Amino acid sequence: MTTSTESSTLVRPASLTPELLGRLCGMVVSDGATTYSHVEVYTGQPIIDLPQSSPEDVTAAYVTARAAQRAWAARPLRSRLAVMRRFHELLLANWETVVDLMQVETGKARRMSFEEVCDVAMTTSHYLKAAPRILKERKHGGVIPVVSRSTEVHVPKGVIALISPWNFPFAISLSDSMPALIAGNGVVLKPDNKSALCVTYGVSLLREAGLPEGLVQIVLGEGPDIGPALVDGADFVMFTGSTATGRVIGARAGQNLIDCTLELGGKNPLIVLDDADLDEAVPGAMFGTFLNAGQACMHIERIYVPADLEAEFTRRFVAAVDQLRVGATYDYGPQMGGLISPAALERVSAHVQDAVDKGATVLTGGRARPDIGPTFYEPTVLTGVTKEMVHGTQETFGPVVSIYTYSSIDEAVALANDTDYGLNASIWGKDLKRAEAVGRRIESGGINVNDGLACSYASKRTPSGGFKNSGVGARHGDYGMLKYTDLQNVAVLKKQVLTSPDEGFEENIVKTLKGLAIMRKLGIR
Ligand code: NAD
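Cut-offs used in this document
Residues numbered from 1 in each chain as written. Predicted model: local features only at pLDDT ≥ 70, side-chain atom pairs only at ≥ 80, totals over all residues. Heavy atoms only, no water. Patch = residues over 30% accessible without salt bridge, like charges linked within 9 Å, V, L, I, M, F, W, Y side chains within 5 Å. Areas by Shrake-Rupley, 256 points an atom, 1.4 Å probe, with all protein chains shown as cover. Salt bridge = Lys/Arg side-chain N within 4 Å of Asp/Glu carboxyl O. Lys, Arg positive; Asp, Glu negative; His and termini not counted. Charge placed at Lys NZ, Arg CZ, Asp CG, Glu CD. Helix = DSSP H or I, 4+ residues; strand = E, 2+ residues; numbered from the N terminus. Contact = heavy atoms within 4.5 Å. Pairing = 2+ DSSP bridges. Axes fitted to C-alpha atoms, helices over the stretch in contact; angles between N-to-C directions. Domains from an automatic or database assignment. Buried area = accessible area lost by both parts, 1.4 Å probe.

Caption draft 1: Spotlight on a positive patch on the surface. On the surface, a cluster of positive charge is contributed by Lys-136, Arg-138, Lys-139, Arg-149 and Lys-494. Tracing the sequence through the fold places Lys-494 in the loop between strand 24 (485-493) and helix 17 (505-522).

Here is the structure:
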C-alpha cells in the first residue's frame, strides 16, 4: 500500500459550521438529558455532543409521525412524488455537504462517501418512475363473473422503524426511507450514533423539499436502550446491521405480529474461473475486497482460484494491493480510509492475529497504522486460512481477505457455499454462460458475474436481499416498496347470490359442483 502524507495538516471541511451542527442536533427527538461524544475518526477529536433519545422520546416520536402520516397518506401519489423530485434536486445541489459530514464522522474514503450520494439519487429516480405502476390498484374478476369484482389495494403500513448501521449510513437510511415514504408511510429513523450527522442532514433536505415536518422523526441512542421502544411502536421494521442484532429485532417483531426486513452480515466468496481475464479480475477483486476498508456487508472476504492459476493471480493481486492508496485526507486521493472506531481496529487486528497464531501466512499488510490515523489497518491478504480460525468463518468486516485454491468447479461451489451466510458472491470468467451457471449454484441473494458487488446492488429494479443468516426479505425492486404496504382486498357483489337458501340444500350442492366444473373449464377459478 502507499500512504498519503497529508494527515498531519488535516483541516476539517468548512461546511461543518457550528450553526449546521447545532441545527442537525436540534432535529433529534430528545430531552437532551444524555449525550454521545461524537468524534472525527481521522483524529479522534470531538465534533459535537449528540443528544440521545430515551424510550419515552421514541414513543413521542411515533405519536408525532403517526399524526403526520395520516395526512401524508391522504395526499395523492403525484403530490408525494413532487416532494421527492425536489429532494432529488436538492441532493444533487448539496451533495458535497453530505460527503463532508459522512467522511468526518465515519473516516471512509471520500470517493466511497460520494458513492452513497449516487445510491440515494439512483434509488429516488427509480421509485419516482416506478411508484405509480407498483402502487396502482389492480382490478380482478370476482368470485361470480359479471355480478362481482375484487380490487387489490396497497395501503401504507403506517409508521416504519428504520434502523441503520454506520457503514453505509446515508445510502441505507435515505434509500430505504424513499419507497416507504412514497408509499404513504411515516418513518422513525434511528441511525447509528457514529454516523448520525450525514443522515440527519439528508432528512433536513427532505424537509426543505416539502416533506411534512413530523413525518420522519430522528431518534438516537444505543440499540439495547431504545431498541425495544422502537420495535414496539412500529408497524414494520426495516433493519440493517449484524446478524446477532437482527435475531433480537426479528424475535421482538414476531412477538408483536409485525413484519420486518432484516439485511444482515456476509462472508462473501469470489470465484476466479480458469478462463477469467486477470486484467479485469484482479482490480475487480481489489475493489470488491477493500472498498470502504472492507466494512461492507457485500464485500469479499474469500477468494477461490484454480490451483494452477494461484501463483499468477496471487502475485498480481498482492502487487495491486501494495499500490493501494490509503490515507486520512478530505480529498479524492486515498482509495481506502480508516475503520470506523478503535474497537473495530481491535477486532480486525484480533482476527488476523488469531489466523497467524493458528498457521496462516500474511502475504501483505497485517498491521495497524497509527501513523496514518487512530483506526487505520493495512489492506491485508492471507493464505493458509482454515475454519479453525475466526477469520475462516466469521465476518471480519475489515480490509482482510484470504486466498484459497480449488481443483474442480464442484469443489469451488462447495467451498463457496460452506458458510452460514448468503449475501453476495462474485464469479469471474470470459464464458458468460458458464460463469452465470456457476453463480446460480451459490446459495446467495446477490450474484455478480465479472463484478465484485456493485452490479447487483445498483440494479434498483431488482430486489436485493440475503439467503441463510444474511437476512430476511429484501430491498429495491417492486418488493422493496410493496413490503411497506398492507394488502387490502375490496370485493363488491352487485347482487347477493352467494348465500344458499335453507331449503333444497342438496340440489344446490349438485348445482355448485356443476358450476365449479364449468369454472375450471373456462379457466375462471
Ligand atoms: P449492529 O447490529 O451493531 O447495529 C446496526 C444498527 O442497529 C445500529 O443503528 C445500532 O445502534 C442498532 N442496534 C443495535 N442493537 C440494537 C437493538 N437491540 N435494538 C435495536 N437496534 C439496535 O451492526 P453494525 O456493527 O452497526 O453494522 C455492521 C453489520 O451490518 C455487519 O454485520 C454488516 O454486514 C451488516 N450490514 C448489512 C447490510 C445488508 O444490506 N445486508 C448492509 C450494511 C451492513
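Caption draft 2: Examining the environment of Pro-306 more closely. Mapped onto the fold, Pro-306 is located in strand 12 (residues 300-306). For the pair formed by Pro-306 and Pro-463, sequence separation is 157 residues and the distance between their alpha carbons is 31 Å. Setting aside its immediate chain neighbours within four residues, Pro-306 contacts Val-272, Leu-273, Asp-274 and Tyr-406.

Caption draft 3: Just the sheet that holds strand 4 (residues 138-141), in detail. Judged by pairing direction, the sheet is antiparallel, and its three strands sit side by side in the order 4-5-24 without closing on themselves. Every other strand in the sheet has two partners, leaving strand 4 and strand 24 as the edge strands with one partner each. Each strand axis lies, on average, 25° off the axis of its neighbour in the sheet, ignoring direction. Alignment of strand 4 against strand 5 (residues 148-156), held across four bridges, turns out to be antiparallel. Counterpart to Gly-141 in the pairing with strand 5 is Arg-149.

Caption draft 4: Just the domain arrangement of the chain, in detail. According to the domain assignment, the chain contains domain 1 (19-264 + 478-482) and domain 2 (268-465). The centre of domain 1, based on its C-alpha atoms, is set 30 Å off from the matching centre of domain 2. Each partner contributes residues to the interface: domain 1 has 31 residues there, and domain 2 has 35 residues. Here domain 1 and domain 2 share an interface that buries about 2,600 Å² over both sides, 59% of which is from carbon and sulfur atoms. Of all residues in domain 1, Tyr-42, Arg-111 and Trp-166 give up the largest surface area on contact with domain 2, accounting jointly for 24% of the area buried on that side. Counting across the domain 1 and domain 2 interface gives one salt bridge. One salt bridge in this structure joins Lys-460 and Asp-119, with 2.6 Å as the shortest N-O distance. The set of elements that each furnish at least two residues to the side of domain 1 that touches domain 2 consists of helix 3 (77-106) and helix 4 (110-135).

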